[in-house]
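Given next are the chains, with one letter for each unit.
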Amino acid sequence: QLQASGGGLVQAGGSLSLSCAASGRTFSYYAVAWFRQAPGKEREFVATISGGGGRTYYGDSVKGRFTISRDNTKNTVSLQMNSLRPEDTAGYYCAARWAEVGTKAYEYDYWGQGTLVTVSS
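Residues numbered from 1 in each chain as written. Predicted model: local features only at pLDDT ≥ 70, side-chain atom pairs only at ≥ 80, totals over all residues. Heavy atoms only, no water.

J.: Any chance you could explain the state of the cysteines here in plain terms?
T.: Disulfides are covalent bonds that link the sulfur atoms of two cysteine residues. Evaluated as defined, the whole model comprises one disulfide. There is a disulfide in this structure between C20 and C94, and the S-S distance comes to 2.2 Å. Taking the torsion about the S-S bond as the criterion, the C20 to C94 disulfide, at about 70 degrees, is right-handed. Of this pair, C20 sits in strand 3 (residues 16-22) while C94 sits in strand 9 (residues 90-98), and the two are 74 residues apart along the sequence. (Disulfide = S-S within 2.5 Å. Helix = DSSP H or I, 4+ residues; strand = E, 2+ residues; numbered from the N terminus.)

Structure follows, in structure tokens:
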């Protein structure tokens, strides 16, 4: 099970940190990703991290502003979001898949319930 948290309302230029908490003893074998979906838009890849944390990939729209990290001792993955823009407003979802990282939503088997991020201008 995945539980996303940390969403909220922030002004443009501000920062927010999201957390994804997972249950289970094999968490370090799973790649974890963040996706987001704004109203009326398709789900968009944000970032992913390998099971050991050594590989990370980002969507073009968040490169240089967002940082994904994980703590396998706590079964958590974090998404630090800086320099937020109104276009970052969306529901943010964490997802997990066995072994390899991926950038497509259909590649992920397990999903959290989402947390809403609203960036005001």
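J.: For this particular structure, what's the right way to read the packing of aromatic side chains?
T.: How two aromatic rings sit relative to each other is given by the distance of their centres and the angle of their planes. Under the defined criterion, the tally for this structure stands at six aromatic pairs. By way of ring pairs, the aromatic residues Y29, Y30, W98 and Y110 are connected into one cluster. (Phe/Tyr/Trp six-rings, centres within 6.5 Å; stacked < 30°, edge-to-face > 60°.)

J.: Is there a simple way to explain the pairing of strand 4 (residues 30-37) in this structure?
T.: Sheet faces and side chains relate simply in a regular strand, where the side chains alternate between the two faces. In terms of burial, strand 4 is largely enclosed, as seven of its eight residues are buried. Where strand 4 lies against strand 9, eight bridges are found, and the strand directions are antiparallel. Within strand 9, the residue paired with Y30 across the bridge is W98. The pairing of strand 4 with strand 5 (residues 44-49) spans five bridges and is classified as antiparallel. Pairing of W34 across the sheet is with A47, part of strand 5. (Buried < 20%, exposed > 50% of the residue type's maximum accessible area, 1.4 Å probe, protein only. Pairing = 2+ DSSP bridges.)

J.: Would you take a moment to explain the pattern of salt bridges for this structure?
T.: Oppositely charged side chains can form a pair if their charged atoms are brought close together. Tallying each qualifying case throughout the model produces five salt bridges. Of the charged contacts, one joins E44 and R36 as a salt bridge, the two residues approaching to 2.8 Å between their closest N and O atoms. Note on R36: relative accessible area 5%, which makes it buried. Ionic pairing is found between R65 and D88, a salt bridge with its closest N-O pair at 2.8 Å. Taken together, the residues R65 in the loop between strand 6 (56-58) and strand 7 (66-71) and D88 in the loop between strand 8 (76-81) and strand 9 connect sequence positions 23 residues apart. Overall, the relative accessible area of 0% leaves D88 in the buried class. Each of R36, E44, R65 and D88 takes part in salt bridges that share partners, so that together they form one network. (Salt bridge = Lys/Arg side-chain N within 4 Å of Asp/Glu carboxyl O.)

J.: Help me understand the side chain of R65, please; the structure alone is not making it clear to me.
T.: Of the residues examined, R65 reaches a relative accessible area of 8% and is grouped as buried. Within the structure, R65 has its side chain in polar contact with the backbone oxygen of S83 (distance 2.9 Å). In contact with R65, not counting residues within four places along its chain, are Q80, M81, N82, S83, L84, R85 and D88. (Polar contact = N/O pair within 3.5 Å; in protein donor to acceptor, adjacent residues only side chain to side chain. Contact = heavy atoms within 4.5 Å.)

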